[in-house]
Amino acid sequence: MARLATVALIFFSIDNKLAWAGGWQPASGQVQIPIWPGSAPDAISAPNQESVQLAKGHGGWTQVNDVSMPTMTVYAPKAPGTGAAVVVFPGGGFRVLAMDLEGTEICDWLTSQGITCVLLKYRVPGGNHYWDDKCQCAITPKVPRALQDAQRTIRLVRSKARELSIDPGKIGVIGFSAGGYLVAQTSNIFASTYKPVDAIDKLSSRPDFAIALYPGHLCRAGEKFDASIRVTKQTPPTFLLQAWDDPVDPICNSTLYARELDRAGVPAEVHLFAKGGHAFGLRDKDHPISSWPSLVENWLKDIGML
């Protein structure tokens, strides 16, 4: 579990679950870095202070609520550095963030492979600020604050390539559920979604490779592919993985995206497993889908990133 912030903690209850105010903090020795030099674009205040909650399911996981100040945390490689870096987008339906299940635990795996991991705590300011209507199946998102944060972070990592000892041409993204949708967005939306704030924003936000696990929001009503995602030959090589029995995001999120990648001639590797459900991260030990990290590692070697 992530270490608590070194501030006075206020304990309270959310839906009968233990929570604490003060916001998420990485483990000792790690530092969060604000991704914006000032206020984030299109900033709104969260209705509540950022807090951390112990959520049920998958052995318990760290749920971060009401994020209005986005940050990134850089985890250096534990194995000899490969020059590759991956920005991690945790899931949470654009309402909360699964900061350990789909964040710090993913960084532990990536850094063990010699990959620099950058964990993005993107904005989820509470309420229904992302989608146009009351359900997450809306056709058009509102102001894409999460995408703004994702684009900025990729540019920021690229600007720090020498400092981080990484190759600016080997910066990828990995995302889970809603974070998988951010993977698709950053892989296909290259025009900036915010006004430049400094010289860093002159750099490209296009990732060099993309990994989406059990992505959501790509398959819309009538099993139609999200019209805002326009796949072209510029889309980076992509790895997709999902379980057929996913009860949250149907398998069409991956199959429709795979079809669009194929039509555009984008190199892609797609794995669909019979069982695994949703939001398994690295914790599934009972099904073949648990082999996904080795599949990703082999794919990264095959495309020349490792």
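The preceding data block contains the structure.
Conventions adopted
- Residues numbered from 1 in each chain as written.
- Predicted model: local features only at pLDDT ≥ 70, side-chain atom pairs only at ≥ 80, totals over all residues.
- Heavy atoms only, no water.
- Helix = DSSP H or I, 4+ residues; strand = E, 2+ residues; numbered from the N terminus.
- Buried < 20%, exposed > 50% of the residue type's maximum accessible area, 1.4 Å probe, protein only.
- Contact = heavy atoms within 4.5 Å.
- Core = buried A, V, L, I, M, F, W, Y, C linked by side-chain atoms within 4.5 Å.
- Bend = angle between axes of the 7 residues up to and from the residue.
- Disulfide = S-S within 2.5 Å.
- Phe/Tyr/Trp six-rings, centres within 6.5 Å; stacked < 30°, edge-to-face > 60°.
- 1 Å grid on protein atoms, 1.4 Å probe; cavity = no way out; pocket = protein on both sides within 12 Å on 5 of 7 lines; lining within 4 Å.
- Points joined across faces, edges and corners; volume = space filled by probe spheres on them.
- Nonpolar A, V, L, I, M, F, W, Y, C, P; charged D, E, K, R; others polar.
- Patch = residues over 30% accessible without salt bridge, like charges linked within 9 Å, V, L, I, M, F, W, Y side chains within 5 Å.
- Areas by Shrake-Rupley, 256 points an atom, 1.4 Å probe, with all protein chains shown as cover.
- Salt bridge = Lys/Arg side-chain N within 4 Å of Asp/Glu carboxyl O.
- Pairing = 2+ DSSP bridges.
- Right-handed = clockwise from strand over helix to strand, strands pointing away.

### Observations regarding the overall build of the protein
No. 1: Across its full length, the protein holds 6 helices and 15 strands.
No. 2: For the protein, the proportion of its 306 residues judged to be buried stands at 56%.
No. 3: Considering only contacts in the protein between residues 6 or more positions apart, those separated by 24 or more positions represent 78%.

### Details of the environment of Arg 220
No. 1: Position of Arg 220 among the secondary structure elements: in strand 12 (residues 219-220).
No. 2: Under the relative-accessibility criterion, Arg 220 is labelled buried at 11%.
No. 3: Placed 33 residues apart in sequence, Arg 220 and Asn 253 show a C-alpha to C-alpha distance of 8.4 Å.

### Quick word on the nonpolar core
No. 1: Counting residues in each nonpolar core, the largest one holds 87 residues, and the members touching the most others are Val 88, Phe 89, Tyr 122, Val 157, Ile 174, Tyr 257 and Trp 292.
No. 2: Filtering out sequence-adjacent residues up to four positions away, Tyr 122 remains in contact with Val 67, Pro 70, Phe 89, Pro 90, Gly 91, Phe 94, Leu 97, Ala 146, Asp 149, Ala 178, Gly 179 and Leu 182.

### Focus: helix 1 (residues 100-112)
No. 1: At Ile 106, helix 1 shows its maximal bend, which comes to roughly 25 degrees.
No. 2: Counted residue by residue, helix 1 has 10 buried out of 13 residues, so it is predominantly covered.
No. 3: Looking at helix 1, one finds that the buried residues are Asp 100, Leu 101, Glu 102, Gly 103, Thr 104, Ile 106, Cys 107, Trp 109, Leu 110 and Thr 111.
No. 4: Once helix 1 ends, the next one or two residues include Gly 114, with phi positive near 80 degrees.

### Describing the state of the cysteines
No. 1: With the rule as written, the count across this model stands at 2 disulfides.
No. 2: The disulfide bridge from Cys 107 ends at Cys 117, spanning 2.0 Å between sulfur atoms. The sign of the S-S torsion, about -55 degrees, decides the handedness of the disulfide formed by Cys 107 and Cys 117: left-handed. On the criterion of sequence distance, the pair formed by Cys 107 in helix 1 and Cys 117 in strand 9 (residues 116-121) is long-range, its members being 10 residues apart.
No. 3: Between the sulfur of Cys 219 and that of Cys 252 lies a disulfide, 2.0 Å long from S to S. Taking the sign of the torsion about the S-S bond as the criterion, the disulfide between Cys 219 and Cys 252, at about -95 degrees, is left-handed. A residue pair is termed long-range when its members are at least 10 positions apart, and Cys 219 in strand 12 and Cys 252 in helix 5 (residues 252-264) qualify at 33 residues.

### Things to note about the packing of aromatic side chains
No. 1: Within this structure, the stated rule accounts for 10 aromatic pairs.
No. 2: For the ring pair Phe 209 and Trp 299, a centre distance of 6.5 Å and an interplane angle of 75 degrees mean the geometry is edge-to-face. One end of the pair, Phe 209, is in strand 11 (residues 209-213); the other, Trp 299, is in helix 6 (residues 292-302), and 90 residues separate them in sequence. This pair shows no difference in class: Phe 209 is buried, exactly as Trp 299 is.
No. 3: Taken together through their ring pairs, the aromatic side chains of Trp 109, Phe 176, Tyr 214, Phe 280 and Trp 292 make up a single cluster.

### A word on the layout of surface pockets
No. 1: Considered as a void within the structure, the largest pocket measures approximately 320 Å³ in volume.
No. 2: Contributing to the lining of the largest pocket are 19 residues, with Pro 34, Ser 68, Met 69, Pro 70 and Thr 71 lying nearest its centre.
No. 3: The residue inventory of the lining of the largest pocket, partitioned by class, reads 8 nonpolar, 9 polar and 2 charged.

### Let's talk about a nonpolar patch on the surface
No. 1: Taken together, Trp 244, Val 270 and Leu 272 make up a surface patch of nonpolar side chains, about 280 Å² in accessible area.
No. 2: Within the element layout of this structure, Leu 272 appears in strand 15 (residues 268-273).
No. 3: Using a relative accessible area of 34% as the deciding quantity, one classes Leu 272 as partly exposed.

### A closer look at the pairing of strand 11
No. 1: Within strand 11, 5 of the 5 residues are buried, which leaves the element mostly enclosed by the surrounding structure.
No. 2: Neither face of strand 11 is left uncovered, since the one carrying Phe 209, Ile 211 and Leu 213 and the one carrying Ala 210 and Ala 212 both have all their residues buried.
No. 3: Direction of pairing for strand 10 (residues 171-176) relative to strand 11: parallel, over a ladder of 5 bridges. Bridge pairing in strand 11 places Ile 174 opposite Ile 211.
No. 4: Between strand 10 and its parallel partner strand 11, the chain crosses via helix 4 (residues 178-188), and the hand of that crossover is right-handed.
No. 5: Of the strand pairs in this sheet, strand 11 and strand 14 (residues 238-243) are connected by 4 bridges, and their pairing is parallel. Each residue of the ladder has a partner; that of Leu 213, found in strand 14, is Leu 241.

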